[in-house]
Amino acid sequence: MTTPMLPTDDPRHPAFLDSPVQDALVNICIELAAELWVTRSRLRRLEQLVRVDGVAATELIESEEDPSEQSKRAEERDLFARRIFGGIAAL
Amino acid sequence: MTTSSSPATKSAYAACHDDAAYVDFMVGLRRLALGEIKNAAVAASEAELARRGEPIRDVLDLRRLLDPVPVIALRNRVVRSVQEKTWRRVADTVHGRASELLAEIAEAERRGPGSVHCDPQLTYPEYYTVEDIHLQPGSYYGDPLAGAITEYGGNVFYAGLNLDGQVKQASVGHVPLPADGVVTRVLDLACSIGQSTTAFKQRFPDARVTGIDIAAPMVRYAHRRAIKLGVDVEFRQESAAALSFPDAAFDLVYCNILFHEVPRDVAERVVTEAHRVLRPGGVFVVVDFANRPAHGPMDWGDYHRNVDCIYNGEPFASAFVYSDFTTLLESVFPVVDPDHHLDPGGIRLMRVCTR
Ligand SMILES: C[S@@+](CC[C@H](N)C(=O)[O-])C[C@H]1O[C@@H](n2cnc3c(N)ncnc32)[C@H](O)[C@@H]1O
């Protein structure tokens, strides 16, 4: 007795969702999440290891940034958002 | 679910931090899939079945009913993706350490404690090569580093709880002794990387413990692993369906999760061989899935089994689950305890046969 299968079952190229696009998108999301976790784990490890004048990087990250850095960061943030979601406006 | 640890640095298995962290993420996602997501899928399946009213007796009708349910469809997708991505990264990182690992395996082969013996004449049977079991690339035999890949990837499969073989060790802890209490010779059938085999030696330090598996990369890696643990066990590459040992040579024969991976005729030969190599009063202990009624009212368990067989490289598990395996054991052994112990997840059942 072999495993009963539906005519649509394809063990090599599974399609669980409504369209192959959806299956591919979930795969991409999992890949991104995994890589994000890798980056977080790496960063956390770095923060544990790095000290400046005896203060751990983990603490330094929480300290106040000077105002010029803050405005540079704000510019970068806006650019970042536009790079990723700017395409919406072009629809 | 019991907590598993999440290593921040590279583990003993990965080539670098990033590989270890990637695989560790898959442990986390699999824990979610086997926990909350599974619970939601089971609840959805119960709701669908209740809405339908009439019981379902054909697994394909069940598939047609449950496949489109969003949480179930997405659960199937996630489980498959985790499996594929885990094996890919595990194989990559193990291959990244290939020269070091292969040298260790070769070096271990020449020394003890314990020993390993491979059979260059052995050809793998046809059933064994039809599919990559559990989607593992190259299955148990096709990659010289299959042992390391099985050990590291298998831990993800066990949701992070088996890195040092703890799941296998727990099962071995439930194995009952023969009535006379004598355990001097133990045989572990289809021992894979020897996690149960070493657990037997740790439980019965005075016994002579042998593990056999049909795959050369498994027994080679098993020996290297046993040496690292300092455990004195013997490994041999041979088929459980045609053992090299004389009659009545063992007090205890153990077989953990082989039977659902082989066709029925092979299972029959393995049971007969286990009986032959046991001494009178010896026990044959089998851990594997419970059987289900073939045409009983079906539920999530039947759905999961079907999807898992098709999408997780289990060509024979469906036939096994809907078979009368206990009857097979009873046809060979005079005394069979069909449900000696059920593991906490309710998946693996221990059956005990006395010769
Ligand atoms: C799921 S693993 C077993 C796990 C192992 N018993 C443990 O407790 O860790 C299945 C094993 O069965 C082996 N196998 C399959 N057919 C076999 C046969 N005819 N004889 C011996 N081993 C076999 C495979 O090579 C694989 O290593």
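Located above this text is the structure these notes cover.
Okay, so let's go over this structure. Treat the numbers as computed from the prediction; the structure is a model and nothing was measured.

1. Details of the layout of surface pockets
Residue and element names in this part refer to chain B. The calculated volume of the second largest pocket comes to roughly 290 Å³. Along the wall of the second largest pocket there are 16 residues; nearest its centre are Ala12, Tyr13, Glu151, Arg224 and Lys228. Secondary-structure elements contributing two or more residues to the lining of the second largest pocket are α4 (98–109), α6 (146–157) and α9 (216–229). Top contributing element to the lining of the second largest pocket by residue count: α9, with 5 residues. Tallied by class, residues from the lining of the second largest pocket come to 8 nonpolar, no polar and 8 charged.

2. Here we look at the packing of helix α7 (residues 166–173) of chain B against helix α8 (residues 195–203) of chain B
Residues and elements named next belong to chain B. In contact at an axis separation of 9 Å, α7 and α8 are set at 50° when each is read in the N-to-C sense. On the basis of their axis angle, the class for α7 and α8 is oblique. Judged by the sense of rotation from one axis to the other, the crossing of α7 with α8 is right-handed. Across the interface between the two elements, Lys168, Gln169, Val172 and Gly173 from α7 touch Gln195, Ser196, Ala199, Phe200, Gln202 and Arg203 from α8. Partitioned by chemical class, the residues of the contact of α7 with α8 number 3 nonpolar, 5 polar and 2 charged.

3. Describing the site of the ligand
Residue and element names in this part refer to chain B. Of all residues adjacent to the ligand, which total 20 residues, the nearest are Tyr127, Tyr128, Lys168, Ser196 and Asp213. Alone, the ligand offers 610 Å² of accessible surface; in the complex the protein occludes 97% of this. Of the residues belonging to the shell around the ligand, the class tally is 12 nonpolar, 4 polar and 4 charged.

4. Quick word on the environment of Leu342 of chain B
Residues and elements named next belong to chain B. Relative to the elements of secondary structure, Leu342 occurs in strand β7 (residues 335–342). Relative accessible area serves as the criterion here: at 45%, Leu342 is assigned to the partly exposed category. Spatially, the C-alpha atoms of Leu342 and Arg269 are 25 Å apart, while their sequence positions differ by 73 residues. Residue contacts for Leu342: discarding those within four places in its chain leaves Arg348 and Leu349.

Reading guide: rules and limits
- Residues numbered from 1 in each chain as written.
- Chains lettered and ligands numbered in written order.
- Predicted model: local features only at pLDDT ≥ 70, side-chain atom pairs only at ≥ 80, totals over all residues.
- Heavy atoms only, no water.
- 1 Å grid on protein atoms, 1.4 Å probe; cavity = no way out; pocket = protein on both sides within 12 Å on 5 of 7 lines; lining within 4 Å.
- Points joined across faces, edges and corners; volume = space filled by probe spheres on them.
- Helix = DSSP H or I, 4+ residues; strand = E, 2+ residues; numbered from the N terminus.
- Nonpolar A, V, L, I, M, F, W, Y, C, P; charged D, E, K, R; others polar.
- Axes fitted to C-alpha atoms, helices over the stretch in contact; angles between N-to-C directions.
- Parallel < 35°, antiparallel > 145°, perpendicular 65-115°, else oblique.
- Left-handed = near helix turned anticlockwise from the far one by under 90°.
- Contact = heavy atoms within 4.5 Å.
- Near = heavy atom within 4 Å.
- Areas by Shrake-Rupley, 256 points an atom, 1.4 Å probe, with all protein chains shown as cover.
- Buried < 20%, exposed > 50% of the residue type's maximum accessible area, 1.4 Å probe, protein only.

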